[in-house]
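Reading the structure
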Amino acid sequence: MPELVQATRILTAAPEPSSPVPTFPGEGDLVAPAQNAARHGGALPPDLMDAVWRGNQLGGCRVAFVPTGFAALDAALTDGGWPCGCLIEVLQSQPSLIEWRLIGPSLRALVSGGRSVVVIGHPKRPHLVGLRHLGIGEDNLLWVKVDAPSHRLWATEQAIRSNAAAAVLAWMPQARPEQLRRLQVLAQGCEGPVFIIRPIQARHDPSPAPLRLLASPLLDWKLKVEVLKRRGAALESPLVLDSVPGGLEHVLTARTRLPSVLITSKEARRALGRPAHPASIPARIADTLASAASHR
């Protein structure tokens, strides 16, 4: 009882708080995130404000980049080109089909300083004649022929660790998410871009790569590129890029640059049943038709 009386006296004699008890704001006092950022943005130092990326913005990782060779693709990527020190995942339906047409235009600038492009696990022997049109000679190409998934992974890790290549291109049809995560961590210390070529079946698999693209061929030497993942909002519609393979730009005529027009005209003639030119009919068949017509 004495303890209870003493506690009661202490509580009774305690002074009233000088400031009111803070209350939580109601729903009407809450502001949208955009208004919140506008209100408190000026209080942050300028260098910190530059490093802040908001989810509704097309944010870059502020690293070096290499132009892709396609203006539309550069505009869609966060850094204005292929980011260096970053894992770039390229998906396609068939290996060794269009990856060189997509990545090739950027390699000329990368090897201009004398460095080499490391190619790991290429499903076919690299075509040196075609690579020369991309600016890659024998001295600028290092081909590592490996087939086992574990050997491809090991060779790719060593190429990234060495940081001696202008770019690394590795074909990995079989790769687990934790393996790709390890490559992404290693790629952050690499000065050049790291491309991982994978099949289209990996589209729905989780991947730590900050940039994922799905490329497929179209008519008239075009490529359809879907940006599956990038820093920022998703790209709603795919890109259509003009991509004539190296060495054919100076050979193709105006008609062969648009093969779809030639195909359409041939199919139209077949559908209309247009007769062939008499010169194309063999002489014996022509004589038979002429005699049959004269007896009518």
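The preceding data block contains the structure.
Attention in this report is confined to the structure presented alongside it. Numbering of residues starts from 1 in each chain and follows the order in which that chain's sequence is written. Given that this is a predicted model, residues contribute local features only at a pLDDT of at least 70 and side-chain atom pairs are listed and counted only at 80 or more, while totals for whole chains, interfaces and linings are drawn from all residues. By convention in this description, side-chain values take in all heavy atoms of the structure and omit both hydrogens and water.

1. Here's the deal with the overall build of the protein
- A count of helices and strands for the protein gives 10 helices and 10 strands.
- Only protein chains enter the accessibility calculation, which uses a 1.4 Å probe; a residue is then buried when its area is under 20% of its type maximum, exposed when over 50%, and partly exposed in between. Relative to its full complement of 296 residues, the protein shows a buried share of 33%.
- The contact criterion used is simple: two residues touch if any of their non-hydrogen atoms lie within 4.5 Å. Sequence-distant contacts in the protein: of pairs separated by 6 or more residues, those separated by 24 or more amount to 63%.
- We get accessible surface area from the Shrake-Rupley algorithm with a probe of 1.4 Å; when it comes to residues, only the shown protein chains can shield them. By element, 59% of the accessible surface of the protein is carried by carbon and sulfur atoms, the whole surface being about 18700 Å². Helix numbers and strand numbers start at the N terminus; a helix is a DSSP run of H or I with at least 4 residues, a strand a run of E with at least 2.

2. Looking at the pairing of strand E4 (residues 117–120)
- Of the two faces of E4, both are covered, the one formed by Val117 and Val119 as well as the one formed by Val118 and Ile120.
- In this scheme, strands are said to pair when DSSP sees at least two bridges between them. Bridging between E4 and strand E5 (residues 141–144) involves 4 bridges; their strand directions are parallel. Paired with isoleucine 120 across the strands is valine 144, a residue of E5.
- Assignment of crossover handedness uses the view with strands pointing away from the viewer, where a clockwise path from the first strand over the helix to the second indicates a right-handed crossover. Running through helix H6 (residues 128–133), the crossover from E4 to the neighbouring parallel element E5 is right-handed.
- Here E4 runs beside strand E6 (residues 167–171); their pairing, made up of 4 bridges, is parallel. If you follow isoleucine 120 over to E6, its bridge partner there is alanine 170.

3. A look at the nonpolar core
- Among the nonpolar cores identified, the biggest contains 36 residues, and Leu73, Trp82 and Leu102 are the most heavily contacted of them.
- No other element matches the 5 residues that helix H5 (residues 99–110) contributes to this core.
- Beyond its immediate stretch of four places on either side in the chain, leucine 102 contacts Thr68, Phe70, Leu73, Trp82, Val90, Leu213, Ala215, Leu223, Val225 and Leu241. Side-chain atoms within 4.5 Å are what join buried Ala, Val, Leu, Ile, Met, Phe, Trp, Tyr and Cys residues into a set we call a nonpolar core.

4. Looking at unusual backbone geometry
- Even without being glycine, asparagine 163 reaches a positive phi, approximately 55 degrees.
- By secondary structure assignment, the location of asparagine 163 is in the loop between helix H7 (149–162) and E6.
- Asparagine 163 sits in the partly exposed class, given a relative accessible area of 22%.
- Residue tryptophan 221 is not a glycine yet carries a positive backbone phi of 60 degrees.
- Take tryptophan 221: it is sitting in the loop between strand E8 (211–218) and strand E9 (222–229).

5. Notes on the pattern of salt bridges
- A pair is scored as a salt bridge if a Lys or Arg side-chain nitrogen falls within 4 Å of a carboxyl oxygen belonging to Asp or Glu. For the coordinates displayed, the defined rule picks out 8 salt bridges.
- The closest approach of N and O atoms between glutamate 191 and arginine 115, which form a salt bridge, is 3.7 Å. With glutamate 191 in the loop between helix H8 (177–187) and strand E7 (194–199) and arginine 115 in the loop between H5 and E4, this pair connects stretches of sequence that are 76 residues apart.
- We classify glutamate 191 as exposed; its relative accessible area is 53%.
- According to the relative accessible area criterion, arginine 115 is partly exposed, its value standing at 27%.

6. Section: the packing of H7 against H8
- Only C-alpha atoms enter the line fits that serve as axes; for helices the fit covers just the stretch in contact. Angles between N-to-C directions range over 0 to 180 degrees. The N-to-C vectors of H7 and H8 enclose an angle of 15 degrees; their axes lie 9 Å apart at closest approach. With respect to H8, the element H7 is oriented roughly parallel. Judged by the twist between their axes, the crossing of H7 over H8 is left-handed. Between H7, through Leu153, Thr156, Glu157, Ile160 and Arg161, and H8, the contact on the second element is made entirely by Gln179, Arg182, Leu183, Leu186 and Ala187.
- Three classes are used: nonpolar for Ala, Val, Leu, Ile, Met, Phe, Trp, Tyr, Cys and Pro, charged for Asp, Glu, Lys and Arg, and polar for all others, with Gly counted as polar. Of the residues assigned to the contact of H7 with H8, the class counts are 5 nonpolar, 2 polar and 3 charged. Geometric relationships in this document are graded by angle, where less than 35 degrees denotes roughly parallel, more than 145 denotes roughly antiparallel, 65 to 115 denotes roughly perpendicular, and other angles denote oblique. In this scheme, a crossing is called left-handed if the near helix is turned counterclockwise away from the far one by less than a right angle; it is called right-handed if the turn is clockwise.

7. Brief notes about the layout of surface pockets
- Here the largest pocket is characterised by a volume of approximately 600 Å³.
- With a 1 Å grid laid over protein atoms only, a set of points is called a cavity when a 1.4 Å probe fits there but cannot get out and a pocket when it is open yet has protein on both sides within 12 Å along at least five of seven lines; lining residues have an atom within 4 Å of a point. Along its surface, the largest pocket is lined by 28 residues, and Trp100, Gly130, Leu134, Pro245 and Gly246 are the ones closest to its centre.
- Looking at the lining of the largest pocket element by element, the count peaks at 6 residues for H5.
- The residue inventory of the lining of the largest pocket, partitioned by class, reads 10 nonpolar, 11 polar and 7 charged. Grid points are joined across faces, edges and corners, and a volume is the space filled by probe spheres set on the points.

8. Brief notes about H7
- Spanning 14 residues, H7 covers 20 Å between terminal C-alpha atoms, matching the ideal 20 Å at 1.5 Å per step.
- When we look at burial in H7, the residues that qualify are Arg152, Leu153, Ala155, Thr156, Glu157, Ala159 and Ile160. Here the expected length of a helix is defined as 1.5 Å per residue gap, with one fewer gap than residues.

9. Considerations on H8
- Taken as a whole, H8 has its buried residues at Gln179, Leu180, Leu183, Gln184, Leu186 and Ala187. Viewed end-on, H8 has its buried residues packed into an arc of 165 degrees, placing them on one side of the element.
- Close packing links the buried residues of H8 with strand E3 (87–92), H7 and E7. Here the arc refers to the directions that run from the helix axis out to each C-beta atom.

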